[in-house]
Amino acid sequence: DGFRGRLMFPIHDELGNCIAFGARALQEGDEPKYLNSPDSPLFSKGRTLYALHHARRAIIETKHALIVEGYVDALALHAAGIKNVVATLGTALTKDHARTLQRMAERITLVFDPDTAGERAADRAVETFLAVPIDVRIAKLPDGLDADELLAREGGRAEFDQAIEAGEDALAWMVRRFRADLRGASGMSGQQQR
């Protein structure tokens, strides 16, 4: 009943076994927007990446993994022929996620939503991935669009590819964000706190 009135997404482990379900609200105002099965001995949001069983081969072949925030973005990218994509399951990226991807890829590009929550998620993800010897970049999609919205418009695939290619180095991202935060602080006390 907890999933009633929601769009269901099966969640698989690396081998393709269904281990949980995710559900997206269909009615405006239904909260939370995304709901997952509870953690169990088989399923942990902190260890599982959505669509990894489909993306694994492409990640190994390209040595590059794209990480998006939601099921719909991952599905839209796979449908557009971009196969090296996984999504988080409503949780911050963890060291377990980082270690899983490090076994397959040399480079990771984070493609998070272009809102404040997405930027905070990217900040946390960068901190997690800095502990792992892997090249991490942040891609910002044009016009504040999610990946699925961008791909739906004419020329969206080319714009997406260009955004990935222009991804910013994770350390440069952190420094730029810190500088902007410091400039936004009011007075000497605010700057000292930052």
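Please read all numbers here as calculations on a predicted model, not as lab measurements.

I'm lost on the overall build of the chain in this one. Help?
Scanning the chain from terminus to terminus reveals eight helices and eight strands. Taken over C-alpha atoms, the radius of gyration comes to 17 Å for the chain, in line with the 16 Å a tight globule of 194 residues would show. On the principal axes, the C-alpha backbone points of the chain span a range of 55 × 40 × 40 Å. Counting over 194 residues, the chain shows a buried share of 41%. When contacts within the chain are restricted to residue pairs at least 6 apart in sequence, long-range pairs at least 24 apart make up 62% of them. When the accessible area of the chain is evaluated, it comes to approximately 10700 Å², of which 50% is carbon and sulfur surface. Taking the average location of the 25 positive side-chain charges in the chain and that of its 29 negative ones, the two points are 4 Å from each other.

Sorry if this is basic, but what is going on with the sheet that holds strand S5 (residues 85-87) here?
Strand order in the open sheet formed by five strands is S5-S4-S6-S7-S8, and the pairing between neighbours is mixed. If you trace the sheet from one side to the other, it starts and ends with S5 and strand S8 (168-169), each paired once. Of the strand pairs in this sheet, strand S4 (residues 64-68) and S5 are connected by three bridges, and their pairing is parallel. Pairing of Val68 across the sheet is with Ala87, part of S5. Contacts between helix H1 (residues 52-62) and the sheet are confined to S4 and S5, with S5 contributing the most and set at about 135° to the helix.

I would appreciate a short explanation of the sheet that holds strand S2 (residues 18-25) in the present structure.
The strands making up a sheet are joined through hydrogen bonds of the backbone, oriented either antiparallel or parallel. Strand order in this open sheet of three strands is S1-S2-S3, and the pairing throughout is antiparallel. The open sheet is flanked by strand S1 (6-12) and strand S3 (34-36), the only strands paired with a single partner. Neighbour-to-neighbour, the strand axes of the sheet open up by a mean angle of 25°, direction not taken into account. Pairing of S1 with S2 involves seven bridges; the strand directions are antiparallel. In the sheet register, Leu7 faces S2, and the bridge partner there is Arg24. Taken strand by strand, helix H2 (residues 71-79) contacts S1, S2 and S3, and its axis lies near 70° from that of S1.

How should I be thinking about the packing of helix H4 (residues 116-129) against helix H7 (residues 170-184) in this particular structure?
If you want to describe how two helices pack, look at the angle between their axes and the distance between the axes. Between H4 and H7, the least distance of the axes is 10 Å, while the angle of their chain directions is 130°. On the basis of the axis angle, H4 is oblique to H7. Considering only the axes of H4 and H7, their crossing is left-handed. Here H4 contributes Glu119, Arg120, Ala122, Asp123, Val126 and Glu127 to the contact with H7, which in turn contributes Ala170, Trp173, Met174 and Arg177. Here the residues of the contact of H4 with H7 sort into five nonpolar, no polar and five charged.

Help me out: how do you make sense of helix H6 (residues 156-165) in this one?
Structurally, the α-helix is built with 3.6 residues per turn, so residues lying three or four positions apart point the same way. Gly156, Phe160, Ala163 and Ile164 are the residues of H6 that are buried. Along the axis of H6, the buried positions cluster into a sector of 100°, meaning they face one direction only. Away from the buried face of H6 by more than 90 degrees, exposed residues Ala158, Gln162 and Glu165 are located. Residues of H6 that are buried make contact with S4, H2, strand S6 (107-111) and helix H5 (147-152).

Would you mind showing me how to read the packing of aromatic side chains here?
Two aromatic rings, taken as a pair, are described by how far apart their centres are and by the angle between their planes. Tallied over the full model, the rule gives four aromatic pairs. In textbook terms, an aromatic cluster arises when at least three aromatic residues are bridged by ring pairs, as seen for Phe9, Tyr34, Tyr50 and Tyr71.

How each quantity is defined
- Residues numbered from 1 in each chain as written.
- Predicted model: local features only at pLDDT ≥ 70, side-chain atom pairs only at ≥ 80, totals over all residues.
- Heavy atoms only, no water.
- Helix = DSSP H or I, 4+ residues; strand = E, 2+ residues; numbered from the N terminus.
- Rg over C-alpha atoms; globule rule 2.2 N^0.38 Å.
- Buried < 20%, exposed > 50% of the residue type's maximum accessible area, 1.4 Å probe, protein only.
- Contact = heavy atoms within 4.5 Å.
- Areas by Shrake-Rupley, 256 points an atom, 1.4 Å probe, with all protein chains shown as cover.
- Lys, Arg positive; Asp, Glu negative; His and termini not counted.
- Charge placed at Lys NZ, Arg CZ, Asp CG, Glu CD.
- Pairing = 2+ DSSP bridges.
- Axes fitted to C-alpha atoms, helices over the stretch in contact; angles between N-to-C directions.
- Parallel < 35°, antiparallel > 145°, perpendicular 65-115°, else oblique.
- Left-handed = near helix turned anticlockwise from the far one by under 90°.
- Nonpolar A, V, L, I, M, F, W, Y, C, P; charged D, E, K, R; others polar.
- Arc of directions from axis to C-beta.
- Phe/Tyr/Trp six-rings, centres within 6.5 Å; stacked < 30°, edge-to-face > 60°.

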